[in-house]
Amino acid sequence: MSEISSKYTERSSVAQRTPSDNLPDFLAEQTKSMKGRKTLVLDLDETLVHSSFKPPRPGQRRPDLILNIEWDNGEKDYVFVNVRPNAFIFLVKMAKIYEVVIFTASIYNYALPLITRLDKRDIGFTILSRRQCTLING
Amino acid sequence: MKDVIIVDNSPQAYSWQTENGLPIISWFEDPRDDQLRKLVPVLERLAQVEDVREFIPQIVGRNSVNFYEALRALKAPREESALDSVINSLTKFFSGTPTTENQKKEEYKVPKTVRRNTEDNKVSLNSDFIVNQNFSKA
């Protein structure tokens, strides 16, 4: 897991704050290869993939990926993921012209293995997950 | 912020930066979904504009991207290929005036017989060219 995560950048250590505060930089400064590019922030759930905890019923579409994720409290769960049509080619094309950041409100333990699988060409996207989120009216 | 684009199925995600957000239809299982494919040319063009906030309000309406409007509002990304430069220099040589893509297209449409004999036609072509130039700057 550590080998994988070194390819992907993640920012940690986020304290409670309100939107009016000056937000710290979540994203590291652009690396040299990304300099001057625009940033494309993509949502994960319902935009690139659709995932579910329920196994598909007979007759339903077979899931593209099955992930075994571990929650923060140590429990494990299977997640059945369907990938949106054209998502792979979309990511490859966008990674050529943008600095791609994948954003999700779900946990990093789910986002990382999923994005690792989505990233067939080893592009290395930046991940923003629940740890970097600010809770508002939640 | 002029270089950031957010693609998300729920507009709340970018409710503070509507000028940076591209909505996309939530995807659950439809295997014929082509939103990502349609988004590629739009994003390719947005990658080349100076400020994305200028264009995004133009092309987003009613919680979806108006793809037709988007392709109209954004110029096609195009670098001058080797063939283009040859054509350009040839037309320069024969016409003695600098050419642009727009003018080339115009000349292409004009039938040979008309092009050969009229001075007026040339004038109108040139004025077209000026108008087009202003247009692209605006």
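Here, the structure is the one placed above.
Residues numbered from 1 in each chain as written. Chains lettered and ligands numbered in written order. Predicted model: local features only at pLDDT ≥ 70, side-chain atom pairs only at ≥ 80, totals over all residues.

Remarks on the sheet that holds strand S2 (residues 49-52) of chain A
All names here are of chain A. Spatially, S2-S4-S3 is the arrangement adopted by the 3 strands of the open sheet, whose pairing is antiparallel. Each edge of the open sheet carries a strand with a single partner, namely S2 and strand S3 (65-70). Recorded for the sheet is a direction-independent mean angle of 30 degrees between the axes of neighbouring strands. Both S3 and strand S4 (residues 76-83) contribute to a ladder of 6 bridges, which runs antiparallel. (Pairing = 2+ DSSP bridges. Helix = DSSP H or I, 4+ residues; strand = E, 2+ residues; numbered from the N terminus. Axes fitted to C-alpha atoms, helices over the stretch in contact; angles between N-to-C directions.)

Thoughts on the environment of leucine 128 of chain A
Residue and element names in this part refer to chain A. Here leucine 128 shows up in strand S6 (residues 126-128). Residue class for leucine 128 comes out buried when judged on the 22 C-beta atoms lying within 10 Å of it. Counting along the chain gives 27 residues from leucine 128 to valine 101, while the straight-line C-alpha distance between them is 7.2 Å. (Buried ≥ 20, exposed ≤ 12 C-beta atoms within 10 Å, placed from the backbone.)

Details of the nonpolar core
Ranked by size, the top nonpolar core spans 43 residues in total, and within it Leu40, Val41, Leu42, Val100 and Ile102 of chain A together with Ile5 and Val7 of chain B carry the most contacts. Mapped by element, the contributors of at least two residues to this core are strand S1 (38-43), helix H2 (87-97), strand S5 (98-103), helix H3 (108-118) and S6 of chain A together with strand S1 (4-8), helix H1 (35-46) and helix H2 (52-59) of chain B. Among the elements that make up this core, the one with the highest residue count is H3 of chain A (6 residues). Apart from the residues lying within four places of it in its own chain, the contact partners of valine 41 of chain A are Val101 and Phe103 of chain A together with Val4, Ile5, Ile6 and Val7 of chain B. (Core = buried A, V, L, I, M, F, W, Y, C linked by C-beta atoms within 7 Å. Contact = placed C-beta atoms within 7 Å.)

Brief notes about the packing of H2 of chain A against H1 of chain B
Running from N to C, H2 of chain A and H1 of chain B cross one another at 10 degrees; their axes reach a closest spacing of 10 Å. Classified by the angle between their axes, H2 of chain A and H1 of chain B sit roughly parallel to one another. Along its contact with H2 of chain A, which presents Ala87, Phe90, Lys93, Met94 and Ile97 of chain A, the element H1 of chain B presents Leu36, Val40, Leu43 and Glu44 of chain B. Each residue belonging to the contact of H2 of chain A with H1 of chain B can be placed in one class, and the counts come to 7 nonpolar, no polar and 2 charged. (Parallel < 35°, antiparallel > 145°, perpendicular 65-115°, else oblique. Nonpolar A, V, L, I, M, F, W, Y, C, P; charged D, E, K, R; others polar.)

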